[in-house]
Amino acid sequence: MGFEILMEDEDSIVRIPMDQKSKEEFRKRNANLVQPEVFLKKFLRTEENYKKVCDTLEKAAEDSIPEAVKKKCLWCQGLSSSEEDKGCEKYKLQMLITFKLVAVEFVDVVRGNRHILSNDEVVFELTKEFYKSIFFLKGKGLMGFDMRRLMHKTLKMGFLSLNDMFLKTKHLSKSLRVINSTLHALDNEGLQYKLNGEEIPEHITLQQDFFTSKQSFYKEEQRLNRLEKLEKVIRNNSNSNGNRPNRTDIAYFCFYTSESKELITENSFPSKKAWKEIGAQYSKDDTNIQKAYNRIANNKGERLKNSKADNINFVLKEMLENYPKAKKLALEELKLLKIN
């Protein structure tokens, strides 16, 4: 992208002076407006880095102005200090406007993305990429900007920062919540383009792909973590309680965790495949576990028999530590059993 002023070289740009009152009003309105150059200098860390970049840009801009224009320009030749004699004004102005437009957008993107802004190294690398995305058309006095190149670099750096943040987060549920809400927002944005009959932009589809892959990864991590905890419970129980958990214990565990929506199985519960999966986890016959489950799941009286207090107590102490909702439900039923 770039900005071009469509006017003949013989034409001149007329400057309209502002009266003092208009100048003061303009200053008031823009008193809190920070120029993008202020942030670009900060992003590049040192005055030396910023000056080096500015000098390189200025030289490239000068070199891009048509030679015929520079030869006729009294200002460029140092023969006049009058603004009216600036034959190169159109070219310098259109390059300045291009730079201002893209600089404002770039600064807004960086400042609006806390995952990028919080990482000084990422901001530094991204700002260097911003300047590398600027190019000049020699002999035309035009500045261009490679938006696609910077978009890909911005997305890449943003993805790396997010990935690092997710890996450092101890609570997988928090990462999943961020991912899900972001995906929801991206899907809504994509839907707007579809409703308008427009193609969904690449920067949206790339983000959707990234967050979808992270969603699958962290869901699997969550499932594996729960399975690991469950296996630990089983090992501890087998060491301290002989053959516990028995099929009735497992049936109660499945009942309470399925009722609380905390039971994690690869297959839909209570399908035959899910029972086989549960039987394999506990090294028990899945048919016997299922029969025990059906007896207590479909008959509250059977489930709350005094003879079942031992099973509920065992499940509470040994199997529901990481299932708060199921544990609450089991405690409530144990109280009912004792009352009865």
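Residues numbered from 1 in each chain as written. Predicted model: local features only at pLDDT ≥ 70, side-chain atom pairs only at ≥ 80, totals over all residues. Heavy atoms only, no water.

## Observations regarding the pattern of salt bridges
Then step 1. Tallied over the full model, the rule gives 11 salt bridges.
Then step 2. The residue E47 makes a salt bridge to K41 at a minimum N-O spacing of 3.8 Å.
Then step 3. Classification of E47 by relative accessible area gives exposed; the value is 51%.
Then step 4. You can call K41 partly exposed: its relative accessible area is 32%.
Then step 5. We note a salt bridge from E302 to K308, for which the minimum N-O separation is 3.4 Å. The residues E302 and K308 share a single accessibility class, namely buried.
Then step 6. Linked through salt bridges whose partners overlap, the residues forming this network are E302, K305 and K308. (Salt bridge = Lys/Arg side-chain N within 4 Å of Asp/Glu carboxyl O. Buried < 20%, exposed > 50% of the residue type's maximum accessible area, 1.4 Å probe, protein only.)

## Quick look at the packing of aromatic side chains
Then step 1. This structure, assessed with the given rule, holds 14 aromatic pairs.
Then step 2. Relative to F43, the ring of F39 has its centre 6.3 Å away and its plane inclined at 40 degrees; by these criteria the two rings are tilted. Of this pair, F39 and F43 both sit in helix α2 (residues 36–43), 4 residues apart, which is roughly one turn of that helix.
Then step 3. By relative accessible area, F39 is classed as buried at 14%.
Then step 4. When the centroid spacing of 5.0 Å and the interplanar angle of 80 degrees are considered together, the rings of F210 and F211 count as edge-to-face. The exposure classification of F210 matches that of F211, with both residues buried.
Then step 5. Between the NZ or CZ atom of R45 and the centre of the ring of F124, over which it lies, the distance is 4.2 Å. (Phe/Tyr/Trp six-rings, centres within 6.5 Å; stacked < 30°, edge-to-face > 60°. Helix = DSSP H or I, 4+ residues; strand = E, 2+ residues; numbered from the N terminus. Lys NZ or Arg CZ within 6 Å of the ring centre and 35° of its normal.)

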